[in-house]
Amino acid sequence: MGFAHNNVLHSNHFRKDWQRRVRTWFDQPGRKLRRRNARKAKAASLGVRPLTLLRPAVRAQTVRYNRKVREGRGFTLAELKEVGINRKEALGVGIVVDHRRRNLSEEGKKLNVERLKAYKAKLIVFPRNAKKPKKGDSTGADLEAETTRTHLPLPAPYVHEVPRKITDNERSFEAFKTLRVARADARYEGARKIRAAKVCLLFTSYRAFSY
């Protein structure tokens, strides 16, 4: 350890009883077993309900990660209205609602509406009193249908294209140049309009003066 400039000299304490302060993890296997037993007990207490709540499929944030599809916090009120599910009813059948989220694209809204419809088609609501089922409860053969506790998987983020040969137009297409030209056109659109208007005004005044 070096010393430099007009600083205080180091007084390192290396004679502490450090062995009493070492953090150990000898209970890791026991914790693992306790967590597994807790998951089993929770699954058994849920009965025939799904193990997890239904959440929407959303795109991750920022340009870097928006190609990925992940589970969001909850469905929007517009998505629930499209399927015909009430907000309070959704909370009772395992659907999470997020009143803050907004639909920014028709594609994302359509994707979650289809997700809700698929869930609703498979949903079996057992009545609390089998002799007096309430509105919305399943009856008849639906109660004897086979049940599953797995949640709906997330949709594929994009459709994979079948391998094919590259065409001549694609090979000659200059993607970077096209993007730069489009960016420049959008940037200088206003200035070009003003310049064109000035030229048009100058031309009309010149013609009037020449006559």
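Residues numbered from 1 in each chain as written. Predicted model: local features only at pLDDT ≥ 70, side-chain atom pairs only at ≥ 80, totals over all residues. Heavy atoms only, no water.

Enquirer: Even after reading the chapter, I still don't get the layout of surface pockets, so can you show me in this structure?
Expert: If a probe the size of a water molecule is rolled over the atoms, the empty space left behind becomes visible. Taken as a whole, the largest pocket holds about 1400 Å³ of empty space. Looking at the lining of the largest pocket, the elements with two or more residues in it are α4 (87–92) and α5 (106–122). Broken down by class, the residue content of the lining of the largest pocket amounts to 19 nonpolar, 11 polar and 10 charged. Reported here for the second largest pocket is a volume of approximately 400 Å³. What lines the second largest pocket is a set of 17 residues, among which A57, V58, R59, S105 and G108 lie closest to the centre. Per-element tally for the lining of the second largest pocket: the top contributor is α5, with five residues. Considering only residue class, the lining of the second largest pocket consists of eight nonpolar, four polar and five charged. (1 Å grid on protein atoms, 1.4 Å probe; cavity = no way out; pocket = protein on both sides within 12 Å on 5 of 7 lines; lining within 4 Å. Points joined across faces, edges and corners; volume = space filled by probe spheres on them. Helix = DSSP H or I, 4+ residues; strand = E, 2+ residues; numbered from the N terminus. Nonpolar A, V, L, I, M, F, W, Y, C, P; charged D, E, K, R; others polar.)

Enquirer: What should I look at first to understand the nonpolar core in this one?
Expert: Taken as a class, soluble globular proteins show a tendency for nonpolar side chains to be buried jointly. The biggest cluster of nonpolar side chains holds 13 residues, and the ones touching the most others in it are L54, F75, L80, I85, A90, I95 and L116. Here this core gets three residues from one element, more than from any other, and that element is α5. Sequence-distant contacts of L80, that is, excluding residues within four places in its chain, are made with F75, I85, A90, I95, V97 and L116. (Core = buried A, V, L, I, M, F, W, Y, C linked by side-chain atoms within 4.5 Å. Buried < 20%, exposed > 50% of the residue type's maximum accessible area, 1.4 Å probe, protein only. Contact = heavy atoms within 4.5 Å.)

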